[in-house]
Amino acid sequence: MRESLVQIGALVGKEFRLEWRQRYALNGMLLYMVGAVFVCYLSFNARRGQLAPIVWNTLFWLIQLFTAINAIAKTFVQERAGRQLYYYTLASPQQIIVAKVIYNTGLMLVLALLGFSVYAFVLGSPVQDVGLYIGSLLLGAIGFAASLTLVAGIAAKAENSATLMAILSFPVILPLLLLLLKVAKNAMDGLDRSASSDELLTILAIDAIVLALSYLLFPFLWKS
């Protein structure tokens, strides 16, 4: 168990070092996110605090969705077949998928918090329960990372991986996104947190199911 955790930690560290060497990818994601916020500001001609809360919330989660797809789509595509074969001799497929999910969760959480800060600064923030809203960002980061990492692994086996990634990701992400929108809307309205308990439990269940499926199914995908 301890050796497995050490190997997972080494794989997560490898992901961070690889991302740092290819900083243009991270810079591109940040530029996309900031550019999307600025385009929303110009398109709606919105001053701070004048955008309808439901529109504010919907636009923010759409930006987060496309940021997640762009950030995680390269998870397996950026690694050549020779490198993947080398990983196959060093670690188990379960360790590899767990490490990638942990890294992508951290990446998505950082991007979500940065995106929320920039979005709130430019367009104002109508959120009344910030703690619940940040909680929805955390659950969304876990769900997006687990779902899209597995989808990215499937898409990487095809020739046109970018197209397949887009096709497969939306049906998987859509139920989770609808629940996150509802929880975030409750946080914006300042409702009691018990009003969001059912949605939060459902999101936790979806995250747990996706994580379990990734852990169980990725070994078969890795061997193919």
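Cut-offs and rules
Along each chain, the written sequence defines residue order, and numbers are assigned to residues from 1. Owing to the predicted nature of the model, reporting of local features is limited to residues with pLDDT of at least 70; listing and counting of side-chain atom pairs is limited to 80 or more, with chain, interface and lining totals taken over all residues. Calculation of side-chain values draws on the structure's entire complement of heavy atoms; hydrogens and water are dropped beforehand. For the purposes of this entry, the term helix denotes a DSSP run of H or I that reaches at least four residues, the term strand denotes a run of E that reaches at least two, and both are numbered from the N terminus. Accessible area is worked out with a 1.4 Å probe on protein chains only. A residue is then buried under 20% of its type maximum, exposed over 50%, and partly exposed in between. Only heavy atoms matter for contacts: two residues are in contact if any of them lie within 4.5 Å across the pair. To measure how exposed things are, a 1.4 Å probe is used in the Shrake-Rupley method; for residues, cover is taken only from the protein chains shown. Side-chain atoms within 4.5 Å link the members of a nonpolar core, which is a set of buried Ala, Val, Leu, Ile, Met, Phe, Trp, Tyr and Cys residues. UniProt positions are given in the numbering used here, feature names are shortened, and annotations may be inferred rather than shown by experiment. One speaks of a salt bridge when a side-chain nitrogen belonging to Lys or Arg is within 4 Å of a carboxyl oxygen belonging to Asp or Glu. In summary, the pairing rule links any two rings of Phe, Tyr or Trp, Trp by its six-membered ring, whose centres are within 6.5 Å, and it sorts them by plane angle into stacked for under 30 degrees, edge-to-face for over 60 and tilted for everything else. Here the expected span of a helix is defined as 1.5 Å times the quantity of residues minus one. Fitted lines through C-alpha atoms serve as axes, helices being fitted only where they are in contact, and the angles separating the N-to-C directions of these axes extend from 0 to 180 degrees. Each angle is binned into one of four classes, with values under 35 degrees roughly parallel, values over 145 roughly antiparallel, values of 65 to 115 roughly perpendicular, and all other values oblique. It is the rotation of the near helix from the far one that decides the hand of a crossing: anticlockwise by less than a right angle makes it left-handed, clockwise makes it right-handed. Residue polarity is assigned by list, with Asp, Glu, Lys and Arg as charged and Ala, Val, Leu, Ile, Met, Phe, Trp, Tyr, Cys and Pro as nonpolar; anything else, Gly included, falls into the polar class.

### A closer look at the overall build of the chain
And then number 1: When its secondary structure is counted, the chain shows nine helices and zero strands.
And then number 2: When the helices and strands of the chain are read in sequence order from the N terminus, they spell out α-α-α-α-α-α-α-α-α.
And then number 3: The buried share among the 224 residues of the chain stands at 45%.
And then number 4: Residue pairs at least 24 apart in sequence account for 84% of intrachain contacts in the chain once pairs closer than 6 positions are excluded.
And then number 5: For the chain, the accessible area works out to roughly 11,600 Å², and carbon and sulfur atoms hold 68% of it.

### Description of the nonpolar core
And then number 1: Within the largest apolar cluster, 61 residues are counted, with the highest numbers of intra-cluster contacts made by Trp56, Trp61, Tyr119, Tyr133, Phe144 and Leu148.
And then number 2: At the level of elements, α1 (2–21), α2 (23–44), α3 (53–72), α6 (93–123), α7 (130–156), α8 (161–189) and α9 (197–223) are the ones that each hand at least two residues to this core.
And then number 3: When near neighbours in sequence (up to four residues on either side) are disregarded, leucine 148 contacts Ala68, Ile69, Ile72, Met165, Ser169 and Ile173.

### Topic: the UniProt feature "transmembrane region" (unreviewed entry) in the chain
And then number 1: Under the UniProt annotation, the feature "transmembrane region" (unreviewed entry) is placed at residues 24–44, 50–73, 101–124, 130–155, 162–181 and 201–222.
And then number 2: Regarding residues 130–155, the helix share stands at 100% and the strand share at 0%, and the terminal C-alpha atoms are separated by 36 Å.
And then number 3: End C-alpha atoms of residues 201–222 are separated by 31 Å, and the span's content is 100% helix alongside 0% strand.

### Things to note about the pattern of salt bridges
And then number 1: Enumeration according to the criterion identifies three salt bridges in this entry.
And then number 2: Of the charged contacts, one joins aspartate 129 and arginine 193 as a salt bridge, the two residues approaching to 2.9 Å between their closest N and O atoms. Of the two residues, aspartate 129 is situated in the loop between α6 and α7 and arginine 193 in the loop between α8 and α9; the sequence distance between them amounts to 64 residues.
And then number 3: Accessibility expressed as a relative area gives 49% for arginine 193, which makes it partly exposed.

### Some thoughts on the side chain of serine 147
And then number 1: Along the chain, the position of serine 147 falls in helix α7.
And then number 2: For serine 147, the contacting residues outside a window of four places in its chain are Val172, Ile173 and Val210.

### A closer look at the packing of aromatic side chains
Given two aromatic rings, one states the distance between the centres and the angle between the planes to describe the pair.
And then number 1: Within this structure, the stated rule accounts for nine aromatic pairs.
And then number 2: On the numbers, 6.1 Å between centres and 15° between planes, the contact of tryptophan 56 with phenylalanine 60 is stacked. Of this pair, tryptophan 56 and phenylalanine 60 both sit in helix α3, separated by four residues, roughly a single helical turn.
And then number 3: For phenylalanine 60, a relative accessible area of 1% translates into the label buried.
And then number 4: Judged by centre distance (6.0 Å) and plane angle (80°), the rings of phenylalanine 60 and phenylalanine 116 are edge-to-face. Note that phenylalanine 60 is positioned in helix α3 and phenylalanine 116 in helix α6, a separation of 56 residues in sequence.
And then number 5: Through a chain of ring-to-ring contacts, the aromatic side chains of Trp56, Phe60, Trp61, Phe116, Tyr119 and Tyr133 assemble into a single cluster.

### Some thoughts on α7
And then number 1: Its 27 residues give α7 an end-to-end C-alpha distance of 37 Å, which sits within 8% of 39 Å, the value for a rise of 1.5 Å per residue.
And then number 2: For α7, a buried count of 19 out of 27 residues is recorded, marking the element as mostly surrounded by other parts of the structure.

### Overview of the packing of α6 against α7
And then number 1: The geometry of α6 relative to α7 is characterised by a closest axis approach of 8 Å and an angle of 140° between their N-to-C directions. With respect to α7, the element α6 is oriented oblique. Read as a crossing pair, α6 and α7 show a hand that is right-handed. Contacts between α6 and α7 involve Ile97, Lys100, Val101, Asn104, Thr105, Met108, Leu109, Ala112, Leu113 and Phe116 from the former and Tyr133, Ile134, Leu137, Leu138, Ala141, Ile142, Phe144, Ala145, Ala146 and Thr149 from the latter.
And then number 2: Partitioning the contact of α6 with α7 into residue classes produces 16 nonpolar, three polar and one charged.

### Description of the environment of glycine 190
And then number 1: As for its placement among the helices and strands, glycine 190 is situated in the loop between α8 and α9.
And then number 2: In the structure, glycine 190 is positioned 60 residues away from valine 130 in sequence and 9.0 Å away in space, judged by C-alpha atoms.

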